[in-house]
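# Understanding the architecture of this molecule
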Amino acid sequence: MREVAVIGIGCTTFGEKWNSSFRDLFIEAGARALEDAGLAGEKIDALFIGNMSAGRFVEQEHIGALIADYAGLATTTHIPATRVEAACASGGLAFRQGVTAVASGMSEIVVAAGVEKMTDVASGTTVATLAGAADREWEAFIGATFPGLYAMIANDYMHRYPLTREQLAMVAVKNHYNGARNPIAQFQQEINIETVINSSLVADPLRLYDCSPITDGAAAAILTTMERAREFTDTPVKVLASAQASDSIALHDRRDISTLDATVVAAKRAFRQAGLEHSDVDMLEVHDCFTIAEICAIEDLGFCRKGEAGKLTEEGVTSLQGDLPVNTSGGLKACGHPVGATGIKQIVEVVQQLRGEAGRRQVDAKVGLAHNVGGTGATVTVHILGV
Amino acid sequence: MSVARFWRKIPQRYNLIGTKCDNCGRYFFPPRTFCPVCRRNGRILEHQFKGTGKVVTYTVIRAASEQFEHFTPYVLAIIQLDEGPRLTAQVACPPDKAEIGMRVKKVFRRIGTDGSSGVIHYGTKFVPE
């Protein structure tokens, strides 16, 4: 297996982008990544695109070909372009496909991208579409919503472990603080605990400010071998590990409602691959689709014991100034969550941090980890990057 | 949900007909036609669940998808059936009466409607025992 490096990154701003179409979004992100790598599009061997549900959001399938076409690479180099899907982990999966292609020797230079255009349909349709990330037949059909499933995780967790409502709110407060320092974030305002606790209930105990928003956006990363990386950049970021794991599609079939076993397993695989300890990791981008999800992620990745992440958050350990900054981008909560793009945006954030290009949210980091979850934990990817 | 898609699962949705692996004795609801433990050695048979169990965790849905909007707020729970398997179901009780560990039993209820002129979906909800 060859060593792989990220040599370019690009991202659109995240938000309700009424002026941008599905095509506009991915072209913008892709062009920025190519510019960042100082690379001509014709040099790219393959495209991998994470996208959850263009079919329902913009009634468009066959995304690989569409993107190749509008990138100007379909009729010229006839580039192989592949869409990958794992609900909200589609981006993480696309990145992993790109890593695999380069590591194996099948490809030399690939683009791993993610895109989602979510605001062209009414919010009821969005809620129903996202519920398809869970078990449509035996969860969504019964009346489960996506926030509802995470709310059941939260209730189970709070019944068993000492997590307070305030600690849960602190996750959102922290991520909004970080988002306010990220120019691409959907939410640029800081909030306080009262904002979260007084917001409307979505699914008890989760309130509006416990939930990530509906977002349009795209992100792209360019990968090549570590050996060739210096041809394109002085600051290659090495992919130290790429791991993926599965679990039951339905939350009710999990061994433990409050533990994402796929996160536990993917993290173990990733740390083994990288040959690193948890103490070697300087910052994390974790999948905080809901505040409770960040709490579970920190624990299930192995950074503390079950039941301790609330206290860590309260003590400021996970803040920008803390020992283990979590979701420096603002996370899904404040940066926004265009589902197919999120996994790549996490990579973009880790790369910016490791290169020292994160501006007002810069932390001191040599090794970063990105954790992307599909559904309520049926697919998880964990990537560790380092400089 | 199309008529055929709903119709083919009527025994499961109306009467909690799940499956059981005769080789290892594990019960499955929602039903599985392949035993994840015994794999090719499994022997899957239909099984009628008693329909009693307890609430493992729950939530109160306040913001629902279009099909369930007019039911809000409603209690959604993961229920562990006495035979072992867990499923997701609505509990027909006031939101402030729901609690973890509560004993429940199945009831036949309307789950939803496919638009104003579409098929009415019936199925299983639970009530406090």
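Keep in mind that what you see is a predicted model, and the values were worked out from it rather than measured.

Residue and element names in this part refer to chain B. What the 3 strands build is an open sheet, ordered 2-1-3; its pairing is antiparallel. The sheet is open, and its two edges are formed by strand 2 (27–28) and strand 3 (44–48), each paired on a single side. Here strand 1 (residues 17–21) pairs with strand 2 via 2 bridges, running antiparallel. Residue pairing in the sheet places Lys-20 in a bridge with Tyr-27 of strand 2.

It is worth spelling out the packing of helix 4 (residues 90–104) of chain A against helix 14 (residues 339–355) of chain A at this point. All names here are of chain A. One can describe the packing of helix 4 onto helix 14 by two numbers: an axis separation of 5 Å at closest approach and a directional angle of 55°. As summarised for this structure, helix 4 and helix 14 are arranged oblique, according to the angle between their axes. When helix 4 is examined against helix 14, the residues Ser-90, Gly-91, Gly-92, Leu-93, Ala-94 and Phe-95 are found in contact with a partner set consisting of Val-339, Gly-340, Ala-341, Thr-342, Gly-343, Ile-344 and Ile-347. Looking at the contact of helix 4 with helix 14 residue by residue, the classes come out as 7 nonpolar, 6 polar and no charged.

Our next topic: the domain arrangement of chain A. Residues and elements named next belong to chain A. In terms of domains, chain A is made up of domain 1 (4–122 + 215–237) and domain 2 (133–211 + 238–386). Centre-to-centre, using C-alpha coordinates, domain 1 lies 23 Å away from domain 2. Of the residues lining the interface, 40 residues belong to domain 1; the matching set on domain 2 comes to 34 residues. A total of 8 residues in the side of domain 1 that touches domain 2 trace back to one element, the largest contributor, which is helix 4. Of the residues assigned to the side of domain 1 that touches domain 2, the class counts are 26 nonpolar, 11 polar and 3 charged.

How each quantity is defined
- Residues numbered from 1 in each chain as written.
- Chains lettered and ligands numbered in written order.
- Predicted model: local features only at pLDDT ≥ 70, side-chain atom pairs only at ≥ 80, totals over all residues.
- Pairing = 2+ DSSP bridges.
- Helix = DSSP H or I, 4+ residues; strand = E, 2+ residues; numbered from the N terminus.
- Axes fitted to C-alpha atoms, helices over the stretch in contact; angles between N-to-C directions.
- Parallel < 35°, antiparallel > 145°, perpendicular 65-115°, else oblique.
- Contact = placed C-beta atoms within 7 Å.
- Nonpolar A, V, L, I, M, F, W, Y, C, P; charged D, E, K, R; others polar.
- Domains from an automatic or database assignment.

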